[in-house]
Amino acid sequence: MKILFVSLGCDKNLVDTEFMLGTLRDAGHTFTNDETEADVIVINSCCFINDAKEESINTILEMAEYKDKGSCKVLIVTGCLAERYRDEIIVEIPQVDVILGTNSYEEIAKAIEEVRAHTGEHYEVYKPLEGLPNVRSSRSLTTGGHYAHLKIAEGCNKRCTYCIIPYIRGHYRSFPMEDLLEEARKLAEGGVKELILIAQETTVYGMDCYGRKALPELLTKLCEIEGIEWIRILYCYPEEIDDELIEAIKRNDKVCHYLDIPIQHANSDVLKRMGRKTNKDDLVRIIHHLREEIPDITLRTTLICGFPGETEEQHKELLEFVQEMKFDRLGAFTYSPEEGTKAAEMENQIPEETKKLWQQEVMELQEEIIFEKNEDMVDRELYAFIEGKVADENAYVGRTYRDAPSIDGYIFVNTEETLMTGDFAKVKVTGAYEYDLIGELA
């Protein structure tokens, strides 16, 4: 059958989509980007925050119209929204034929066959949020083939008061190291040069199955794989970053000096209400230690603005912290109350307009900081990972080790030489924009 896929949400969700694509490809199905041609439409949904939930619902409703028109024979909803709101989806959107939970997507090919054999019947698969789907052998990349995300674990044990992930993804489960290494080898054989390690939290990889933090060992073994040039680590909870991890980053040349550390806030009282395991002093100590040990490290973080009970003074403290720490990369988001979480039941919920104002103030400050940092990069020489050519210009789009794909900036490389996507080019920085750099071949 001809299948259309819509993948929403985070890069962890994208990896699930790629495994489903591989499973369906192996089952003999083909794919299309045209809704009017699709026999099957699959929406891999997200519901992490309210905006993501609305996007998922609107997408399902939009695709349900093709089921009504008769062009689509099977409509499937997978992912986080399907895990959390399965009963509501069945009642409110009867056009949906198949609902697969977050731990059940390996069943997608079987689900299509079941619906075709039993027309008019719903098909649901919800496996307990334990164990891991058996799909490691099948994957179809959607990232262009030169970089790929390597999901090293599923679920989370942290139980932050604002977060629904443990309820829709389950407790923390690490993928076996031998499976990850085999997957990485296959990716490298297929042309992947950059691996981006992801999980809800990467720093505690291995604690559940090996009884120890095994990320440093995994990094060392991944670096031994021929063809892999860069390894990037995302989603490191600050309290779990230890000297063994820092030494592994320093020791292994392929590991980018880049860490994503979602701290969420800087005021100790707000952090405590969030259920976080760090206070302000901890964060200052960890950040300074990282920069002392790895002077050229790029630090990225995310912040929540307008958490219940947050005061104007606490918001100003956050701004002062951002100014002092000068993160290389930063994203700020307004707090989203999610039903079933402790934070949603807290008193003193912040008005939406205040949350948006505080978010704007954080991002305006960060824009000034990153522009200054980018200007400081002028005349430096860096390697750039080429991602494509600028249309009608003698220029290419690339990323330095300081930039993760899709979330950070780019470097625009001016040259009359021919470069190919996936090439690494040594570049001298010649100029700076607010978020991007300009350069030429060194």
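Relevant structure appears above.
Computed from a prediction, not measured in an experiment: that's the story for all the values here.

Undergrad: Just to check I follow, could you spell out the packing of aromatic side chains for this structure?
TA: How two aromatic rings sit relative to each other is set out by the distance from centre to centre and by the angle between their planes. Within this structure, the stated rule accounts for seven aromatic pairs. Here Tyr205 and Tyr210 contribute two aromatic rings whose centre-to-centre distance is 6.4 Å and whose plane-to-plane angle is 65°, an arrangement assigned as edge-to-face. Note on Tyr210: relative accessible area 32%, which makes it partly exposed. Seen in terms of ring centroids, Phe307 and Tyr335 are 5.4 Å apart; in terms of plane orientation they differ by 75°. Their pairing is edge-to-face.

Undergrad: Help me understand the pattern of salt bridges, please; the structure alone is not making it clear to me.
TA: A side chain of one charge can pair with a side chain of the opposite charge when the charged atoms of the two come close. Evaluation of the coordinates by the stated rule reveals 37 salt bridges. The residue Asp97 makes a salt bridge to Lys67 at a minimum N-O spacing of 2.7 Å. One end of the pair, Asp97, is in the loop between α4 (86-92) and β5 (98-100); the other, Lys67, is in helix α2 (residues 50-69), with 30 residues separating them in the sequence. For Lys280, the salt bridge identified is with Glu317, shortest N-O distance 3.2 Å.

Undergrad: Mind showing me how you'd approach the pairing of strand β18 (residues 424-432) here?
TA: Every regular strand shows the same layout, with side chains that alternate between the two sheet faces. By the bridge criterion, five bridges tie strand β15 (residues 381-389) to β18 in an arrangement that is antiparallel. Its bridge partner being in β18, Glu381 is matched across the sheet by Lys428. For β18 and strand β19 (residues 437-441), the ladder comprises five bridges, and the chain directions are antiparallel. Paired with Gly431 across the two strands is Ile438, which belongs to β19. Between β18 and β19, which follow one another and run antiparallel, lie four residues.

Undergrad: For this particular structure, what's the right way to read α2?
TA: A turn of α-helix holds 3.6 residues, and therefore any two residues three or four places apart point the same way. Over its 20 residues, α2 runs 29 Å from end to end, which matches the ideal 28 Å to within 8%, given 1.5 Å per residue. When α2 is considered as a whole, its buried residues turn out to be Ala52, Lys53, Ser56, Thr59, Ile60, Met63, Ala64 and Tyr66. Down the axis of α2, the buried set is contained in an arc of 150°. They therefore lie on one face. Turned more than 90 degrees off the buried face of α2, the exposed positions are Asp51, Asp68 and Lys69. Those residues of α2 that are buried are in contact with β1 (2-7), β3 (40-45), β4 (74-78) and α3 (79-84). Of the residues one or two after α2, Gly70 is the one with positive phi, at around 95°.

Undergrad: It is not clear to me how unusual backbone geometry should be interpreted in this structure. Could you clarify?
TA: Glycine aside, negative phi is the norm for most residues, and most peptide bonds take the trans geometry. Phi is positive for Tyr235, close to 60°, though the residue is something other than glycine. Looking at where Tyr235 falls in the secondary structure, it is placed in the loop between β11 (230-233) and α10 (243-251). The residue Asn348 is not glycine, and still its phi comes out positive at about 60°.

Undergrad: Please explain the sheet that holds strand β16 (residues 395-399) as it appears in this structure.
TA: Paired through their backbone hydrogen bonds, the strands of a sheet run either parallel or antiparallel. Sheet architecture is closed into a barrel: five strands sit in the order β15-β16-β17-β19-β18, paired in mixed fashion. Across the sheet, the axes of successive neighbouring strands diverge by a mean angle of 50°, strand direction being ignored.

Undergrad: Explain the environment of Glu201 to me, please; I cannot follow it from the model alone.
TA: Residue position: Glu201 is located in the loop between β10 (194-198) and α8 (207-210). For the pair Glu201 and Tyr237, spaced 36 residues apart in the sequence, the C-alpha separation amounts to 6.4 Å. Apart from residues no more than four positions distant in its own chain, Glu201 is found in contact with Lys158, Tyr172, Tyr235, Tyr237 and Glu240.

Criteria and thresholds
- Residues numbered from 1 in each chain as written.
- Predicted model: local features only at pLDDT ≥ 70, side-chain atom pairs only at ≥ 80, totals over all residues.
- Heavy atoms only, no water.
- Phe/Tyr/Trp six-rings, centres within 6.5 Å; stacked < 30°, edge-to-face > 60°.
- Buried < 20%, exposed > 50% of the residue type's maximum accessible area, 1.4 Å probe, protein only.
- Salt bridge = Lys/Arg side-chain N within 4 Å of Asp/Glu carboxyl O.
- Helix = DSSP H or I, 4+ residues; strand = E, 2+ residues; numbered from the N terminus.
- Pairing = 2+ DSSP bridges.
- Expected span 1.5 Å × (residues − 1).
- Arc of directions from axis to C-beta.
- Contact = heavy atoms within 4.5 Å.
- Axes fitted to C-alpha atoms, helices over the stretch in contact; angles between N-to-C directions.

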